[in-house]
Amino acid sequence: MVVHSNIHIPSESFPHWIWYAIECVMVLVVSLLASREITDSLEGLAPDVQNYIFMGIVGLLFLVWYIGIRGFVLKKRILQSRY
């Protein structure tokens, strides 16, 4: 058996950016499900107004996670260098 000294072993076994993509998808799914439940509880709205309320709640929950919870509570910046 031959041993090579020039082999590259990455510092992480999983690419770092994929964790951010997984987190983004999870936040979007939770925001969409919560917004659907909140919008369904409102009755007597026109469909166009209901769409605006739905997307507004999705955007609000998305921003609350990334700016409020992740930025101030968890102190993890999104666009910060790892090193």
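Residues numbered from 1 in each chain as written. Predicted model: local features only at pLDDT ≥ 70, side-chain atom pairs only at ≥ 80, totals over all residues. Heavy atoms only, no water.

Novice: Could you clarify how one ought to interpret the side chain of Thr39 in this entry?
Specialist: Structurally, the position occupied by Thr39 is in helix α1 (residues 16-41). Apart from residues no more than four positions distant in its own chain, Thr39 is found in contact with Gln50, Ile53, Phe54 and Ile57. (Helix = DSSP H or I, 4+ residues; strand = E, 2+ residues; numbered from the N terminus. Contact = heavy atoms within 4.5 Å.)

Novice: What exactly am I supposed to notice about the packing of aromatic side chains here?
Specialist: We describe a pair of aromatic rings using the distance from one ring centre to the other and the angle between the two ring planes. If you walk through the whole model with that rule in mind, you get 1 aromatic pair. Look at Phe62 and Tyr66: their rings are 4.9 Å apart centre to centre, the planes differ by 55°, and that puts the pair in the tilted class. Remark: Tyr66 and Phe62 occur in helix α2 (residues 47-73); sequence separation between them is 4 residues, near one turn of the helix. Looking at Tyr66, the relative accessible area reads 13%, which means it is buried. (Phe/Tyr/Trp six-rings, centres within 6.5 Å; stacked < 30°, edge-to-face > 60°. Buried < 20%, exposed > 50% of the residue type's maximum accessible area, 1.4 Å probe, protein only.)

Novice: I'm lost on the packing of α1 against α2 in this one. Help?
Specialist: Relative orientation of the contacting elements α1 and α2 amounts to 140°, with a least axis distance of 9 Å. Taken together, α1 and α2 sit at an angle that is classed as oblique. Considering how the two elements wind past one another, α1 and α2 form a crossing that is right-handed. Facing Tyr20, Glu23, Cys24, Val27, Leu28, Ser31, Leu32, Ala34, Ser35, Arg36, Ile38 and Thr39 of α1, the residues of α2 in contact are Gln50, Ile53, Phe54, Ile57, Val58, Leu61, Phe62, Trp65, Tyr66 and Arg70. By residue class, the composition of the contact of α1 with α2 is 15 nonpolar, 4 polar and 3 charged. (Axes fitted to C-alpha atoms, helices over the stretch in contact; angles between N-to-C directions. Parallel < 35°, antiparallel > 145°, perpendicular 65-115°, else oblique. Left-handed = near helix turned anticlockwise from the far one by under 90°. Nonpolar A, V, L, I, M, F, W, Y, C, P; charged D, E, K, R; others polar.)

Novice: Quick question: what am I supposed to make of the pattern of salt bridges here?
Specialist: Pairing between side chains of opposite charge can happen when their charged atoms approach one another. Enumeration over the complete set of coordinates arrives at 2 salt bridges. Linking Glu23 and Arg70 is a salt bridge whose minimum nitrogen-to-oxygen distance equals 2.9 Å. Of this pair, Glu23 sits in helix α1 while Arg70 is found in helix α2, placing the two residues 47 residues apart along the sequence. Where Glu37 meets Arg36, a salt bridge forms, and the shortest distance between an N and an O atom there is 3.1 Å. Accessibility expressed as a relative area gives 47% for Glu37, which makes it partly exposed. Under the relative-accessibility criterion, Arg36 is labelled partly exposed at 41%. (Salt bridge = Lys/Arg side-chain N within 4 Å of Asp/Glu carboxyl O.)

Novice: Help me understand the side chain of Arg70, please; the structure alone is not making it clear to me.
Specialist: On the basis of relative accessible area, Arg70 is assigned to the buried category, the value being 7%. A polar side-chain atom of Arg70 sits 2.9 Å from a polar atom in the side chain of Glu23. (Polar contact = N/O pair within 3.5 Å; in protein donor to acceptor, adjacent residues only side chain to side chain.)

Purely geometric numbers; function is a separate question.
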